[in-house]
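Observations on the model geometry
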Amino acid sequence: MTLETYTITLHGRRIRLHEHAPPSAAGDEAIVLLHGIAGSAETWAPVLARCAALGRRVLAPDLPGHGESEAPRADYGLGAMASTVRDVLAVSGVRHATVVGHSLGGGVAMQFAYQFPEMCDRLVLVGSAGLGPEVSPVLRATALPGAPLVLALAVNRVTLAIARAAARLGRRLGKSLKTETRELARHFGSLADPARRRAFLVIARTLMDLRGQRASAVEKLYLAEAVPTLLVWGARDPLIPVAHGRRTAELLPNGRLTVWQNAKHFPHVSDPDGFCLLLNEFVTGTEPARLTLDDVVERLTAAAGRKTPA
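Just so we're clear, the structure is a prediction, and the values are computed from it rather than from any experiment. (Residues numbered from 1 in each chain as written. Predicted model: local features only at pLDDT ≥ 70, side-chain atom pairs only at ≥ 80, totals over all residues. Heavy atoms only, no water.)

Let's shift gears to the sheet that holds strand 6 (residues 120-126). Backbone-to-backbone hydrogen bonds pair the strands of a sheet. The strands run either parallel or antiparallel. Overall, mixed pairing links the 8 strands, which are arranged 1-2-4-3-5-6-9-10 in an open sheet. Among the strands making up the open sheet, the edge pair consists of strand 1 (3-10) and strand 10 (255-260). Averaged over neighbouring strand pairs, the angle between their axes works out to 20° when direction is ignored. Sheet topology places strand 3 (residues 29-34) next to strand 5 (residues 96-102); 6 bridges connect them, and they run parallel. Looking at strand 5, one finds that E29 is bridged to H96. Contacting strand 1, strand 2 (13-20), strand 3, strand 4 (58-61) and strand 5, helix 2 (residues 78-91) runs over the sheet at an angle of about 115° to strand 1. (Pairing = 2+ DSSP bridges. Helix = DSSP H or I, 4+ residues; strand = E, 2+ residues; numbered from the N terminus. Axes fitted to C-alpha atoms, helices over the stretch in contact; angles between N-to-C directions. Contact = heavy atoms within 4.5 Å.)

The following block contains the structure:
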């Protein structure tokens, strides 16, 4: 197995990329893994460690403003993120991808399928954003006027050092955090970096307000009806409710939903073996969409209906 981590430069800005490229992988197809808000490609480490089972080229970038990628003052909207994913794939020689997105990454994946349908073979949405307004009150609170100050006081190098010391003490006493709790803590801890905290707030306030998620892909899902779609959710997800997955699966003729009863918001972390098995079965058991512009135009035209006088 070959697993590399390296940096590429896109439009003058650094993007960190993890790549698994087995010798048997050939052609211009790949699986791309997109992380959630405040996360990084590190959230996919358990999956990347098991990539041999997939037998395919796998790419996992740190999205702009996350991980080791640059965090400039820039556009962090879903469209800009999807364009970054397209550019990463293009310079990597990938023309067709199964796009796997967790949380925010799910919203980016759906936007990618909307903007670049000819490149999207399949969609895998894991506890995905963008499928309904309901979301955790903690995330909605980022819209409050004082949120930047509160976040800076709550998560910084000092509080992070205290939390790490407490975790070490807990381990000495025989106590340890559960896998998903550790993953959530790592996401939260990334906000100690001012640039990443700024990017987090820009993204959160772009996509959410005090009433919940504003960005929604639901009304455009009909364009992805021909794209095989797998939804994976934790039944106990406290951030984005599993009801979003159930509603979406009903809307997509080629959609299927898997709910893991003991998982929360990070099912790919809580059970990476099961996730890789599920992903492999999905990829090998479905045909890629391979949409053309004509396919998209046909669906748009059918949905637009008859022209009416102004």
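Counted according to the given criterion, the structure contains 0 disulfides. C276 supplies the cysteine sulfur nearest to C51, a cysteine that is in no disulfide, at a spacing of 6.3 Å. Here C120 is not cross-linked by a disulfide; its sulfur's nearest cysteine counterpart is in C51, at 18 Å. What makes C120 buried here is its relative accessible area of 1%. (Disulfide = S-S within 2.5 Å. Buried < 20%, exposed > 50% of the residue type's maximum accessible area, 1.4 Å probe, protein only.)

In this section: the packing of helix 2 against helix 3 (residues 104-115). Their axes nearest at 8 Å, the elements helix 2 and helix 3 cross at an angle of 75°. One way to sum up the angle between helix 2 and helix 3 is to call them roughly perpendicular. Contacts between helix 2 and helix 3 involve L78, G79, M81, A82, S83, V85, R86 and L89 from the former and L104, G107, V108, Q111, F112 and Q115 from the latter. Here the contact of helix 2 with helix 3 is composed, by residue class, of 8 nonpolar, 5 polar and 1 charged. (Parallel < 35°, antiparallel > 145°, perpendicular 65-115°, else oblique. Nonpolar A, V, L, I, M, F, W, Y, C, P; charged D, E, K, R; others polar.)

Turning our attention to the side chain of T84. One can find T84 in helix 2. Residue T84 is classed as buried on the basis of its relative accessible area, which comes to 16%. Residues in contact with T84, not counting those within four places in the same chain, are L10, I15 and P64.

Turning to unusual backbone geometry, a few remarks are in order. Notably, S103 is not glycine yet its phi reads approximately 55°, a positive angle. Secondary-structure assignment places S103 in the loop between strand 5 and helix 3. The backbone of R290 shows a phi angle near 50°, a positive value even though the residue is not glycine. Position of R290 among the secondary structure elements: in the loop between helix 11 (272-284) and helix 12 (293-304). R290 gets classed as partly exposed once you look at its relative accessible area, which sits at 32%.

Here we come to the pairing of strand 10. Note that strand 9 (residues 229-234) and strand 10 share 6 bridges and pair parallel. Its bridge partner being in strand 10, V232 is matched across the sheet by T258. Where the polypeptide runs from strand 9 across helix 9 (residues 243-251) and back to strand 10, its parallel neighbour, the crossover connection is right-handed. (Right-handed = clockwise from strand over helix to strand, strands pointing away.)

Right, let's talk about the packing of aromatic side chains for a bit. For any pair of aromatic rings, the description rests on two quantities: the centre-to-centre distance and the angle between the ring planes. Using the criterion set out here, one finds 3 aromatic pairs in the structure. A centroid spacing of 6.5 Å and a plane angle of 85° characterise the contact between W260 and F275, whose relative ring orientation is edge-to-face. One end of the pair, W260, is in strand 10; the other, F275, is in helix 11, and 15 residues separate them in sequence. Each member of the pair W260 and F275 is classed as buried. Through pairs of rings, three or more aromatic residues link up here, namely W44, W260 and F275. (Phe/Tyr/Trp six-rings, centres within 6.5 Å; stacked < 30°, edge-to-face > 60°.)

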